[in-house]
Every structure is written in structure tokens, then in C-alpha cells.
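The residues making up each chain are set out below.
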Protein chains: 2
Amino acid sequence: MKFRVKDMDIASGGILIAILNQKDAAKLDLHSGDRILLRNDGSEATCILDISESDKAVPEGKIGLFEEVLDRLRLKNNSMVTLRFTGKPESVVHIRDKLYGKRLAYQELYHIMDDITHDRLTDIEKTYFVSAGLVNGWNTDEVVDMTRAMVETGKRVKFKGRTLDKHSIGGVPGNRTTMLIIPIVAAAGFTIAKTSSRAITSPAGTADTMECLANVELPEKKIKQVVRKTKACMVHGGAMNLAPADDKIIEVEHPLSVDPEGQLLASVMAKKYSVTARHVLIDVPMGKSTKANTWKKAKRLRKMFRLVGKKLGMDVRVIITDGSHPIGNGIGPLLEAEDVMAVLRNDPLASEDLRRKSLMMAGILLEMTGKYKKGKGLAKAREILESGKALKKMEEIIRAQGRKKRPKLGVFCHHVCSGKIGRVSQIDNDVIAKIARIAGAPADKGAGLFLRKKIHEVVKKGESLYTVYAENKFKLDLAMEFIRKNTGYVVK
Amino acid sequence: MKFRVKDMDIASGGILIAILNQKDAAKLDLHSGDRILLRNDGSEATCILDISESDKAVPEGKIGLFEEVLDRLRLKNNSMVTLRFTGKPESVVHIRDKLYGKRLAYQELYHIMDDITHDRLTDIEKTYFVSAGLVNGWNTDEVVDMTRAMVETGKRVKFKGRTLDKHSIGGVPGNRTTMLIIPIVAAAGFTIAKTSSRAITSPAGTADTMECLANVELPEKKIKQVVRKTKACMVHGGAMNLAPADDKIIEVEHPLSVDPEGQLLASVMAKKYSVTARHVLIDVPMGKSTKANTWKKAKRLRKMFRLVGKKLGMDVRVIITDGSHPIGNGIGPLLEAEDVMAVLRNDPLASEDLRRKSLMMAGILLEMTGKYKKGKGLAKAREILESGKALKKMEEIIRAQGRKKRPKLGVFCHHVCSGKIGRVSQIDNDVIAKIARIAGAPADKGAGLFLRKKIHEVVKKGESLYTVYAENKFKLDLAMEFIRKNTGYVVK
């Protein structure tokens, strides 16, 4: 069948979409979400079909194409294109099987990851995939197979020498240990190439924070060069195409904020596996707003990470840490970056909890290499930090990645003060994160919170608990409106 | 915030969609699927946000709007519109709860059905809803509450007098008992207003078949008039707005062909409840291609239908029938309509299994009214059919709904013959349905199959098993290509 092309002048962001008028679709027994094969001049594209109910958008006899399809098939408005039927991708059958409780094998998971990577599944199909895993669970073998499949359908890189890595599960604002651990471990002579994500629902990801100091969007070639030169890097993982299916799965998890255990495990381990990490330290913060909101869940995650790591041939250590309140003083990209730099400079006012946690974790990583005996890693980490070697290494990394002009702190600010005398008995992670986001973080780098009182500290009546920073008056007002209902602090 | 409107010239078919450039979305911390409130001149619309990655489709500072939004807010290309944030609909929280195993209460299910009815949920959110019910199951109370909520969020109609109804679960090609039961029951003096669906995955629904004889797309007022005049109707349910959420849920079930038990129960019962049926007969065909593919599942469905019916105050009878092979000789809209008319005319060549099953079911319905003693219903039904009263009633209904010009049988046809002598030991429902669909049914009314040999019949070598009809050569060739791999018949 031939159809006349209508350029819809819309980009979908990857997925190949074609639109038929509902009358044509009915004649061909085609439904929304069905696959059709379009051909032009030797090029082919399997598109996902949408149906137009309006004759204005796509009239009968025409086929509306998105930019990606036009580019792929070198088509223009009003050219003719050949349509052929094609079945659903095989992976849809596997997703359906999983929904009905079947265990999936490697080959089946590979099909699914491959189709997700190449945008051959619709949102509905991807959502069924996430739901199936959420409700029926993934066993260890499936998680291992999914992790492998995620890596195989993307790029895998190998750096020179034995590579270390770390990961902190999210949910704790300000938890920027990565930016201290990496320079310490690299200064000790080990390779640690860290790819990080940007914030999705938090006020700052490591990539957003590091971007206040250095360029984090580097092409693969440049990243390898940085690692060769400094033994380390802290970059955004996006450009590397590491486990791309993972990022596309996260897109359909976000609308309902679901994150099935198996998906979390595969997501973390796939990123580590794709940079060929040998020793991996995983930080599982436990607290009411984190993934591990009970001791039982934390222990289960620890067990699963170790098991999956073992099957993938990685040496995985898991620590369960206190995730009940924020770490560090700054919340938001610039404020968190300044926190990190203060610790590196051995500034007496630097955040003590961030410093302590980062040293502890760096110490464990150093011991995992076998070069330092149990108990000696922490001392080595401290020596590197206190001697200024860590700061020097950080400056090296920043130079190698390309220094960025430091953003300015938001000039619109407000002190949030305690209404009474007492002790800070609670700081709510979710509320603190929400306030920082309303104030503009992470898009506004200079927006966020500076915590002046941490957990268990004594506070006088009228004393500042924290300061809110925003880059414009409107966002500060919005944040203050929220704070009037809930400051996130409990003083007793 | 104000944005300049860009008319996207696309209709979404109900759902309100607005598109922002990704840079604007990032600044406002908005994500695909988030809700935004648009205001113009006193009118408001809550829209679901899409993100444009291309500056060409929607440049910064502009907001792309679909036709539905433009109409609702009386906006034109280049007008200005005010954007405000709005949270996710509350029902998203309930869907998430269900995913994590919570039981939902009436109020929560009402929220979900209301949001689905008014297109306030995205496909991803609706898919999570279906998945949650599929994997965690719905208990009887939830099914009852969901059924009520589906009905409450749509229209409920009440016909004069005690109303009867029937439903056959799908999966058996040719199972057109409705078109015989309705005239028989109405001729006996009872009210039976039947709303039917069109085929989604089968070669013909009752609505598609009835449409070969009469108009089935009637406005509500006209339907009521037909029922007043004839005590019956056989129309497409679409225009009545009965349990509209159900139809929108089915749309996201289709891509993976999933149909959770609770959803099936609610779907069937909601349609019956919204026409205020008093006595309802449900036919559960058992066979490998039907919902009830084991005796255990069939019995469970029977139990659940009765329970739900009881709680909704309906007198529900469930029969488990043989669903292992097609009923009747014709498969496809016109061929099935001719099958029905042959039975009504007491044609000696009429399909015997269709006649027998319909009489049995009509008999049960007559007994359910209490007017006929046990064992007497069947005799009454037979008398009505054999005396020609049923045919007369059918003609009355056709006239009242508006007679349609009978479509022509496809002129491209092919006999499929047995390769050997023997007995027909198996007729595969799915394969027969698939062949009829490839040949063009249900869109091509005159396409389909005429079965010349039924199950257990003796066949000679070279004798015709069935004839395939298509309205064009291309579709006949496609069907023959499929038949060469699988005829759907086993002769032993």
C-alpha cells in the first residue's frame, strides 16, 4: 500500500511514530500501537502506529510522520511511502509471559532490552514490563541476566588497570560522597571512572553538582583521555551509551514513582558492569524516605547486591548507612559543590558528617583492593585528605574535564528560624528536597538550602535553622509558601 | 506564567495534551505526564504535558496545544494562555497503592474510574492500573465497587418493566446466540435491550453482525423508542455512554491481550448494571482459546459472576458451554448474520448447533423470569422459533432500528479441502478467527469463512472443509498464504 506523506513537524525524541487516519486504519485492521513497516528507496523503518480521529490532522490516504521517521527514510512532505504489515516485536510476548508469572531467560530479557534500547516498544508495553517485575518480582538469575542484557545492548568500556567504583542509593539530600571518594581513591593510585546521573526527583544529582565545577558532558573519547591522565573522572553517563535501556525504563517508572527491587539492582549493577568495575562499594542509606525504609529491606538489598555482583564477577561490598536525615550542609547543585570543596580544603567549618562518611567509604574501597589491611584504609584516606592530596587530585580532574565558571548563589534568600528553644529531633528528607526543588534546584544551580542546624543540635528561639536561596523572587515566594505549611524540621 | 499558543493541528481523541519545549519544561521542573492547568478568559483545562525536544515543533516560550484544548479554552494560534502547576490526580496514588497490594475502597475506585472517564490519566497510568489488578487480583468487594463506579461515572438507563439480558464471553467464532435469543425472549413478552460491542480481536462482534441487517448506531432517544415499540433492541453500546471507563481500560489491555479476571467481571457486569437488568444469563464457553481454558477457571468465573451479581442485586445465572470449536457455519459479519436468519426462517440447512444453543439459553432466560417452570422454558422458546414468531419479532426490530441494505458476500473465494479421508477431530478457534480477519472481517462485512464440515463429521479426501470469502484478491491471497501453513482443521 502507498500513502502520501504529511510532515507532522513533531519530534518524538527517538521513538518512530506514524499516524494514519482512523478510516484507513480500520480498513487495514490496524490499531494504535501496532507496528507497520515503512519503505522508501531501499530504506526501512518499523514505526509504531498512532490513529488520528480528525481528518484535519491526517486525512484519508495520508500518513503523518514524525521527524525521526522522515530523516530515517529521507522523506519529505507529499512524497509517497510504501506501507507493509509487520507483527509485534517478539519481546511483547515475553513481557506478557512475565506478567503471568513466568521466569524469563537471558535470551528473552535480551530481546526486551534490545527493543527498549531501539525504541521499538510503546510506553504501554514498557509499563507492563515494569509492572510485571514490580508485582511478580525478579529472581537473582533474572536480575543477573537483565543486567547483562542491559550492558550488551549498550556500550561496554574498559579502562586500564583494576577499576574501582561506588554507588549510593538515592533519597538522602546532600549525600555527595562521590565527589570526595573519587579524588581520594584516585590520589591513592587506583582507577575510578565515575559516571553519574542527573537529578530526576531530587534537588541535585552528582552530575548536576560536579557541573558547577567542571564540564560533565564529555564525549567518550575525551572521558578516556581524562581517565588516562588523572586515573579518575566524574561525568554524566548519558553520552557514553552505557546500559541505555535502563534510562528508558526509568522514564516509565517516574510517573508513578515506582522502582521495583530487581530494576534497582539491575540499574545500579548495569552501570558498574558496563565500566568493567572490579571492586564496587554500594551505600544503602536506611530511612523512611529511602528505598530501604526498614532494616529488613536494607539487609535484603545488601544480600541481593552481593549475590548479583558475585554472579557478574564483581567484588561487591555493601554498607547500610543512616539515611534518616540529610548529609552535609548544602542542598542544591552549587551549595553541595561548595560543601565538597570545603571538605577538600580541610576548612574548619566544612560539613563534618559528609567528611566522616566519605572517609569511611574511601577507606573501605582502599581495603577492597587488597593493598591496605583491614582498619588501615581509613587512615590512608584521612592522610590523603588532610595532606591536601585529595584537593590537588580534584583540581587535576576539574582541569582535565574542563573548568567551568562557578555559578552564582541565588541572591533571593530567606532565613527559616526556629519558633522555640530545643533540640532538632527530626529533619525530613522529602520536605527538604521538595523545598530545594521549588526554590529552583537542580535547573537553577544557585538555588537550594543551606542547613545551619543538623540533627540533635540545640537551637534557640528565633535562631536560623536553614537559609533558602533562589535565583528569582517568584520561586523564593513559592518555596516560602510551602515552608509556611511545613519547614521539614521538628524541634523538641 | 504566560505562553504563546501554537496550534499543533492534531486531535488526540479526547485526552487534553499540551506540549512545552524541553528547555521551558526543565526550567519549571515539569516532566512528561505531569499535569498543568491552563486558563483563558475564565475557562480552565487540566492538561497532560508532553515535552518537545525539537525547537522546530515547539520553540521556547510557546506551548503546543491539541485541538481538544484549543476548543475547550477557545484559543487560537498565537493567543496567550496562562499556565499554572497542578498536582497529579489523586487516583494516581490509589493506583500506586494497588500496585503495592493494597485493597481499594469504593471512593478510591470511583476516583480512578472518574479520571479514566474524563481522560485525566495517561496511558502509562492506566496500564499500571490494569497491571495492578492483573497481578494482585481484585476481590469480590473490589469488583462490585469497580462495577458500581464504572456505572456511576457513566449513564444509567431504565427501561419499562422487568428487563432481561445475556452475555457470552468471547473466544468462540460464530457464537451469535444473541441475535436469536433476543427476538425469542422479546416475542415471549419480556423486555430485553441488548447493547453489544464491536469486534476488537475477533472476526465479528454482535454489533458488526447486526449491522448487516439494521442500523446499530442509534442515539439514546431512538434506542428507547425502539425498545418501547418492540420490547427489544440490538445496538452498539458506544453512543449510550454506558460505563465509559470500561472501554477506555480495554484500550490499554489490547496491546498485550491481557484481561484480568476482575476487569472481565466488572466490564460485563457494568454493562448489565447500567441498563438495570434484573435477570442476566451469562454464557462461559470453555475451551483452549477462551478465557475459561480449564474447568477450574470456568467454575471460578461462574462463582464470581454469581457473587458479584448478588451483591449488585441482579439475578445472575451462569452456564458453562463447550467453547472448544466454532458455533454456527458462518464466520464474519455477513456470513454470521445469514446463519442467524436461516435459523429464524427454520431453514432445514440452518446451523444446528447455533439453533440448539440459542434455544437452550432462551429457555433458561424464560424460566428465570418465574413465568415458566423448570423444563418448560425450552419448549416455549422452541414454539416461538418454530411458529415464526421469532422471525416476525426480528423483522420488527430491524424495521424499528432502520433496515440496512444487505452487504454482498465477498466475490473472491476459495475452497479449502481435506487432504485425506477421516473425521474432523479438531477445529482451532484462534486459527479460524485469524483466517477470517486476514480475509478482511470485520471491516469487510462480506469477508469470512463458511464452515462446511463441523466437529466429528466425516470427510472424504478432496471434500471441502470450508470456503474463504474476501472482498478483494489481495486479502484472499494473504489468507491462502496463511492457510497453507495451517488450515485450523485436524482430520483423523
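Residues numbered from 1 in each chain as written. Chains lettered and ligands numbered in written order. Predicted model: local features only at pLDDT ≥ 70, side-chain atom pairs only at ≥ 80, totals over all residues.

Colleague: Just to check I follow, could you spell out the interface of chain A and chain B for this structure?
Modeller: By convention, interface size is frequently given as the accessible area that disappears when the constituent parts associate. Listed per partner, the contact involves 36 residues of chain A and 36 residues of chain B. For the side of chain A that touches chain B, the secondary structure elements donating two or more residues are helix 1 (22–27), helix 3 (90–99) and helix 5 (123–136) of chain A. Among the elements that take part in the side of chain A that touches chain B, helix 5 of chain A stands out by supplying nine residues, more than any other. Across the side of chain A that touches chain B, the residue classes tally to 16 nonpolar, 10 polar and 10 charged. (Contact = placed C-beta atoms within 7 Å. Helix = DSSP H or I, 4+ residues; strand = E, 2+ residues; numbered from the N terminus. Nonpolar A, V, L, I, M, F, W, Y, C, P; charged D, E, K, R; others polar.)

Colleague: Is there a simple way to explain the packing of helix 14 (residues 352–368) of chain A against helix 15 (residues 377–386) of chain A in this structure?
Modeller: The packing of two helices is summarised by the inter-axis angle and the distance between the axes. All names here are of chain A. Between helix 14 and helix 15, whose axes approach to 7 Å, the crossing angle comes to 120°. Considering their axes alone, helix 14 and helix 15 lie oblique with respect to each other. Helix 15 is crossed by helix 14, and the crossing has right-handed handedness. Every residue of helix 15 that contacts helix 14 at L359, M360, A362, G363, I364, L366 and E367 is listed here: G377, L378, K380, A381, R382 and L385. Within the contact of helix 14 with helix 15, the residues separate by chemical class into eight nonpolar, two polar and three charged. (Axes fitted to C-alpha atoms, helices over the stretch in contact; angles between N-to-C directions. Parallel < 35°, antiparallel > 145°, perpendicular 65-115°, else oblique. Left-handed = near helix turned anticlockwise from the far one by under 90°.)

Colleague: Which parts of the structure should I look at to understand the sheet that holds strand 7 (residues 164–168) of chain B?
Modeller: The strands making up a sheet associate through hydrogen bonds between their backbones, and the pairing can be parallel or antiparallel. Residues and elements named next belong to chain B. Pairing within the open sheet is parallel, and its three strands lie in the order 7-10-11. Of all the strands in the sheet, the pair left with one neighbour each is strand 7 and strand 11 (315–322). On average, adjacent strands in this sheet sit at an angle of 15° to one another, irrespective of strand direction. Where strand 7 and strand 10 (residues 279–286) come together, five bridges link them in parallel fashion. Along strand 10, the bridge assignment pairs K166 with L281. (Pairing = 2+ DSSP bridges.)

Colleague: How should the sheet that holds strand 13 (residues 412–417) of chain B be read in this particular structure?
Modeller: All names here are of chain B. The sheet built from four strands is open, its strands ordered 12-15-17-13 with antiparallel pairing. A strand with exactly one partner marks an edge of an open sheet, and here the two such strands are strand 12 (330–331) and strand 13. For strand 12 and strand 15 (residues 448–451), the ladder comprises two bridges, and the chain directions are antiparallel. Across the sheet, G330 pairs through a bridge with F450, a residue of strand 15.

Colleague: Honestly, the pairing of strand 17 (residues 464–470) of chain B in this entry has me stumped. Any pointers?
Modeller: Within a regular beta strand, the side chains point alternately toward one face of the sheet and then the other, so they alternate between its two faces. Residues and elements named next belong to chain B. Of all seven residues that make up strand 17, five are buried, and the element is covered over most of its length. As paired elements, strand 13 and strand 17 share six bridges and run antiparallel to each other. Bridged to F412 within strand 17 is A470. (Buried ≥ 20, exposed ≤ 12 C-beta atoms within 10 Å, placed from the backbone.)

Colleague: When you look at the relation of the copies chain A and chain B in this model, what are you seeing that I'm missing?
Modeller: One copy of the chain maps onto the other through a rotation about an axis followed by a shift along the same axis. For these two chains of identical sequence, chain A goes onto chain B by a turn of 179° and a shift of 0.2 Å along the axis, with RMSD 0.1 Å. Both copies of the chain, as the preceding transformation shows, are related through a two-fold rotation axis. The share of interface residues of chain A whose copies in chain B are also at the interface is 100%, consistent with both copies meeting through the same surface. (Least-squares fit on C-alpha atoms with pLDDT ≥ 70 in both.)

Colleague: Mind showing me how you'd approach the domain arrangement of chain A here?
Modeller: Residues and elements named next belong to chain A. On domain assignment, one finds that chain A holds domain 1 (2–85), domain 2 (90–137), domain 3 (164–239 + 272–401) and domain 4 (412–491). Here the C-alpha centroids of domain 3 and domain 4 sit 26 Å apart. Between domain 3 and domain 4, the residue contacts involve 22 residues of the former and 18 residues of the latter. At the level of elements, strand 12 (330–331) and helix 13 (333–344) are the ones that each hand at least two residues to the side of domain 3 that touches domain 4. Of all the elements, helix 13 adds the most residues to the side of domain 3 that touches domain 4, at three residues. Within the side of domain 3 that touches domain 4, the residues separate by chemical class into 11 nonpolar, nine polar and two charged. (Domains from an automatic or database assignment.)

Colleague: Honestly, helix 9 (residues 220–230) of chain A in this entry has me stumped. Any pointers?
Modeller: Since the α-helix packs 3.6 residues into each turn, any two residues three or four apart lie on the same face. Residue and element names in this part refer to chain A. Those residues of helix 9 not exposed but buried are I223, V226, V227 and T230. Burial along helix 9 is one-sided: seen end-on, the buried residues are contained in an arc of 95°. Elements in contact with the buried residues of helix 9: helix 7 (178–187), strand 8 (192–196), strand 9 (232–236) and helix 16 (389–401). At the exit of helix 9 stands K231, carrying a positive phi of roughly 70°. (Arc of directions from axis to C-beta.)

Colleague: What is the right way to read helix 10 (residues 244–253) of chain B from this model?
Modeller: For helix 10 of chain B, every residue scored as buried is listed here: B:P244, B:A245, B:D246, B:I249, B:V252 and B:E253. Residues of helix 10 of chain B that are buried sit in contact with helix 5 of chain A together with helix 4 (106–117), helix 5 (123–136), helix 6 (140–152) and helix 11 (261–274) of chain B.

Colleague: Whenever I open this one, the nonpolar core confuses me. Can you help?
Modeller: Among soluble globular proteins, nonpolar side chains are generally buried collectively. Core analysis: the biggest nonpolar cluster contains 262 residues, and A:I184, A:V185, A:A439, B:I184, B:V185 and B:A439 have the highest contact counts within it. In this view, B:I184 contacts B:A362, B:A381, B:I384, B:L385 and B:A390; residues no more than four positions away in its chain are not counted. (Core = buried A, V, L, I, M, F, W, Y, C linked by C-beta atoms within 7 Å.)

Colleague: Sorry if this is basic, but what is going on with the packing of helix 7 (residues 178–187) of chain B against helix 14 (residues 352–368) of chain B here?
Modeller: Residue and element names in this part refer to chain B. It is at 9 Å that the axes of helix 7 and helix 14 come closest, and there the two elements cross at 40°. Compared by their axis directions, helix 7 and helix 14 come out oblique. Considering the relative orientation of helix 7 and helix 14, their crossing is right-handed. From helix 7, L180, I181, I184 and V185 reach across to helix 14, where they touch S358, M361, A362, L365 and L366. Of the residues assigned to the contact of helix 7 with helix 14, the class counts are eight nonpolar, one polar and no charged.

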